[in-house]
Amino acid sequence: MKFDSITIKSLDHIFHAIDEVVFLIDQQGTFKHVVRTSQDFLLLPPSEFIGKHHREVLPEPISDQIEESFKRLSASETLVSFEYSLNVGNGTDWFIARIGKIIDDNGSLVGYVAMIRKITHKKSMESGLVRKEKMLEAIAFANKELLENTNLTESISNGIRELGIATGADRCYLFENGFDDEMGEETTSQKYEWNSGSAAPQINNPDLQNLPFSAVSDFVEPMTKRVPLNAIVRELPDGGLKEALAAQDIVSVLLMPIYVQDYFWGFVGFDDCYAERVWSESEINLLKSYAVSISSAISRKSMEDDLKRSKEIAESANNAKSAFLANISHEIRTPLNGVVGFTSLLSDTELSEEQRLFVNNLKASSAVLHSLIADILDFSKIDAGIIEIIRSQTELRTFVSEIENILRYQFSKDGNQLILNIDPSIPEYILVDSIKLKQVLVNLLSNGSKFTSKGVVTLSIVPQNEVLRFEVKDTGIGIKPEDLKTIFNPFVQGDLSRTKKYQGSGLGLSISKKILEAMNSEIHVESEPGKGSTFYFDLRDYEVVEQEKVQAENLSGDRTYSDLKKFKLKILIVDDNEMNILLASMVTRKNYPESEIFLAANGFEALEKVRQSDFSIIFLDLHMPGIDGFQTYQKMKALRPDLCPVVALTADASETAKQKCLDTGMHGILIKPFSPKELNDMVVKCTG
Ligand code: ADP
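Computed from a predicted model, the values in this text were never measured in an experiment. (Residues numbered from 1 in each chain as written. Predicted model: local features only at pLDDT ≥ 70, side-chain atom pairs only at ≥ 80, totals over all residues. Heavy atoms only, no water.)

Chemist: Could you give an account of the environment of A200, naming the residues involved and the relevant values?
Modeler: The residue A200 is located in the loop between β7 (185–195) and β8 (211–212) in this model. According to the relative accessible area criterion, A200 is partly exposed, its value standing at 41%. It is 65 Å that separates the C-alpha atoms of A200 and I328, two residues lying 128 residues apart in sequence. Setting aside anything within four residues of it in sequence, one finds A200 in contact with R171 and N195. (Helix = DSSP H or I, 4+ residues; strand = E, 2+ residues; numbered from the N terminus. Buried < 20%, exposed > 50% of the residue type's maximum accessible area, 1.4 Å probe, protein only. Contact = heavy atoms within 4.5 Å.)

Right under this line is the structure:
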């Protein structure tokens, strides 16, 4: 059967029902028949196809696909399909071709039927969906960055990069607005840019920095009204904006304003440099949501910056206050040393009854002044965060009796009884910062006695599981419930009406609290006005020293101070302060009448003295002009490797200073103001 003899016309209505453009092609590839349906997208009339080979009318890539389809059909396939595109006007149309075989009654191949459908809409829907999905992913990433990355610059540039890739834009960037004082006008500058690589980068373009609003009013104008600028450059009216965009090879652009608390902060932009893009409304909405996220991140960052700045200001003010307190109390220590020392010397001289009364008052006042200064210095150091916990082997029972000794005088003065309730199962030796722990307990017990009259103050130490519970309970005046919350705050003295009656700095409890915090403990209080108060804490920061590991204590030997009186000591006192020299020499001369006292007003004089003779002990002030105590010590040591014991004199009560002295090899340290007894004890320790 010949092709021409087929009553093709009779098949037309079937093809119409299919609603696709149908071509009948003979075995050689020549168009024989064209059926136009409602889907009429043919660029040429049917007469241009009929009788022509497909290569004569179709573009080569499509013809190649047709040939390929024929081959596959001749093999075994029954239906072959492929998609292709054609440029039409300003855009591209997509088609799907399905090609099948035409077989005659004898089963021989006589030609092909090609059914063509236009799928541009479906295609663009599909690619739009894919792009939207990519954009959603990119926006989720960019938002996560803004929320989680603490570096705002980095989070914005990472987000912009992902959005640039997802949207397929050629450039994606962020501009930040500012104000130029010289021009007296608002400006905008490009801050970040992502570039696909196919368009020239603009980040270093000086023309895009400090652009005055007036020069770019065309595109800034809508954004100042919160409206995005979405433009196809070709369609823009001639003028500045069109020229500026064209100069950067931009064919379409989308600019999304960023508002931070009603202030036009800047904008994110997307450039296309090759194909004109029509942004869909949903895409624009997605990008708007990103602009809002940037704006929240900027507000959050500026709030954080403000907070940080106020914190820094507060901290620097607090540090300045602490440094001032530390300095001033350090400066007060030196003259106070004179007051305490000379008062003590004076009280040992022959005095009339009236003079003794005065001296005793002087002694009591200087003792109070001393403890106040010590409190302020401690507080300022603790407040500045300088709190060192140094643990050493401590025999608990000796520790408690030392506390008892310190407080004996106060308790008898206040008419109170100190009861010790020490659980027999407490460990014998522990590793603990005994100096700090003693400071806390002495403070609590001394408060207990201060606020109790003719009553009882009990110190209990009871082991509880892994901790040691320390408790100080008094039968005194108690604390009002409303004061309980504030008594641990610095400079708080509870009921003000009674502060005049009870001396104090209002720092003791806050120092104790901070010390215990540094030791990983928390202080608690329970109190009932009129009945008494109980302060307690659980000590965790300690270690039991097993019996076999107890180190022999560095005892000062059996020699006592009265033995020393008989010895002829050669004592060198080095201090630039005349009063200190006088005081130290008076105390030593009085206590060791057989001894020789040598004086040096500075490090150089001291070195000269050490070169000339041997000494039994040297008292060395650390703070001296010229060469300081540490340098003097080192030079002395270089002169005489077998140097006698050296004791540092200093007003710096910090652990660091103490440690530094011991590290350099000095034998001990006396903190000003020191009492004659402390000085004697040191002589016993060093010469024993
Ligand atoms: P100071 O004793 O130097 O005033 P503290 O910080 O040691 O400073 O104490 C703060 C305040 O807490 C005291 O002024 C007092 O009002 C109250 N307080 C402390 N301990 C007791 C106590 N055992 N009994 C009653 N009040 C106390």
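Chemist: I'd like to hear about the pairing of strand β18 (residues 532–539), residue by residue, with values.
Modeler: Looking along a regular strand, one sees the side chains alternate between the two faces of the sheet. The buried fraction of β18 amounts to eight of the eight residues, a majority that puts the element mostly inside the structure. Covered by surrounding structure in β18 are G532, T534, Y536 and D538 together with S533, F535, F537 and L539, the residues of both alternating faces. Pairing of strand β16 (residues 467–474) with β18 involves six bridges; the strand directions are antiparallel. Looking at β18, one finds that R469 is bridged to D538. Of the strand pairs in this sheet, strand β17 (residues 524–528) and β18 are connected by five bridges, and their pairing is antiparallel. Residue pairing for β18: H524 is matched across the bridge by Y536. Turn length for the β17-β18 hairpin, with the two strands adjacent in sequence and antiparallel, is three residues, and the turn residue G530 shows positive phi of about 90°. (Pairing = 2+ DSSP bridges.)

Chemist: An account of the sheet that holds strand β9 (residues 229–232) is needed here, citing residue identities and associated values.
Modeler: Spatial ordering of the open sheet is given by β8-β7-β6-β11-β10-β9, a layout of six strands whose pairing is antiparallel. On the outer flanks of this sheet lie β8 and β9, each paired with one strand and no other. Across the sheet, helix α5 (residues 152–167) is in contact with β6 (171–180), β7 and β11 (263–272); its angle to β7 comes to roughly 60°. (Axes fitted to C-alpha atoms, helices over the stretch in contact; angles between N-to-C directions.)

Chemist: Please provide a residue-by-residue account of the nonpolar core, values included.
Modeler: L437, L441, L468, F535, F537 and L539 are the most contacted members of the largest nonpolar core, which totals 38 residues. Elements with a contribution of two residues or more to this core: α9 (353–383), α10 (396–414), β14 (429–432), α11 (434–450), β15 (456–464), β16, α14 (508–518) and β18. The residues touching L468, leaving out its near neighbours within four places in the chain, are L396, I426, P427, I430, I461, V462, P463, F537, D538, L539 and Y542. A142, L163, F270 and A291 belong to the second largest nonpolar core, which has 31 residues in total. (Core = buried A, V, L, I, M, F, W, Y, C linked by side-chain atoms within 4.5 Å.)

Chemist: Could you give an account of a nonpolar patch on the surface, with specific residues and numbers?
Modeler: Side chains of F324, I328 and I332 sit close together on the surface and give an oily, nonpolar patch of about 260 Å² of accessible area. Mapped onto the secondary structure, F324 falls in helix α8 (residues 281–347). (Patch = residues over 30% accessible without salt bridge, like charges linked within 9 Å, V, L, I, M, F, W, Y side chains within 5 Å. Areas by Shrake-Rupley, 256 points an atom, 1.4 Å probe, with all protein chains shown as cover. Salt bridge = Lys/Arg side-chain N within 4 Å of Asp/Glu carboxyl O.)

Chemist: A description of the packing of α10 against α11 should follow, citing residues and the corresponding values.
Modeler: Contact pair α10 / α11: the axes reach a minimum separation of 10 Å and the direction vectors enclose 25°. Comparing their axes, α11 and α10 come out roughly parallel. Crossing geometry of α10 relative to α11 is assigned as right-handed. Residue-level contacts link F399, E402, I403, I406, L407, Q410, F411 and D414 of α10 to S434, L437, K438, L441, V442, L445, S446, S449 and K450 of α11. Its residues placed into classes, the contact of α10 with α11 shows nine nonpolar, four polar and four charged. (Parallel < 35°, antiparallel > 145°, perpendicular 65-115°, else oblique. Left-handed = near helix turned anticlockwise from the far one by under 90°. Nonpolar A, V, L, I, M, F, W, Y, C, P; charged D, E, K, R; others polar.)

Chemist: Go over the packing of α9 against α14 with me, naming the residues and quoting the values.
Modeler: Axis separation between α9 and α14 bottoms out at 10 Å; the angle between their running directions is 40°. By the angle class used here, α9 and α14 are oblique. α9 and α14 meet at a crossing whose hand is left-handed. Across the interface between the two elements, D375, D378, F379, I382 and D383 of α9 pack against G508, S510, I511, K514 and I515 of α14. Looking at the contact of α9 with α14 residue by residue, the class counts come to four nonpolar, two polar and four charged.

Chemist: Could you give an account of α11, naming the residues involved and the relevant values?
Modeler: The α-helix advances 3.6 residues per turn, and as a result positions three or four apart in sequence lie on the same side. In a regular helix each residue adds 1.5 Å, so 17 residues correspond to 24 Å; α11 covers 23 Å between its end C-alpha atoms and thus fits that length. Along α11, 13 of the 17 residues are buried, which leaves the element largely enclosed by surrounding structure. (Expected span 1.5 Å × (residues − 1).)

Chemist: Give me the pattern of salt bridges: which residues, what numbers.
Modeler: Per the counting criterion, the structure on display carries 31 salt bridges. R391 is paired through a salt bridge with E543; the nearest N and O atoms lie 2.9 Å apart. With R391 in the loop between α9 and β12 (392–395) and E543 in strand β19 (residues 543–544), the pair connects residues that are 152 residues apart, well separated along the chain. The class for E543 is partly exposed, based on a relative accessible area of 41%.

Chemist: Provide a residue-level description of the packing of aromatic side chains, including the pertinent values.
Modeler: Under the defined criterion, the tally for this structure stands at 15 aromatic pairs. Between Y84 and F95, the aromatic rings sit 5.3 Å apart at their centres with planes inclined by 25°, giving stacked as the arrangement. Of this pair, Y84 sits in strand β3 (residues 79–88) while F95 is found in strand β4 (residues 91–103), placing the two residues 11 residues apart along the sequence. Residue classification places Y84 among the buried residues on the basis of a relative accessible area of 12%. Arranged with centres 5.9 Å apart and planes meeting at 45°, the rings of F213 and F264 form a pair that is tilted. Residue F213 is located in the loop between β8 and α6 (217–224), and its partner F264 is located in strand β11; the two are separated by 51 residues in the primary sequence. On the accessibility criterion, F213 (11% relative accessible area) is buried. Take F264: its relative accessible area is 7%, and that puts it in the buried class. (Phe/Tyr/Trp six-rings, centres within 6.5 Å; stacked < 30°, edge-to-face > 60°.)

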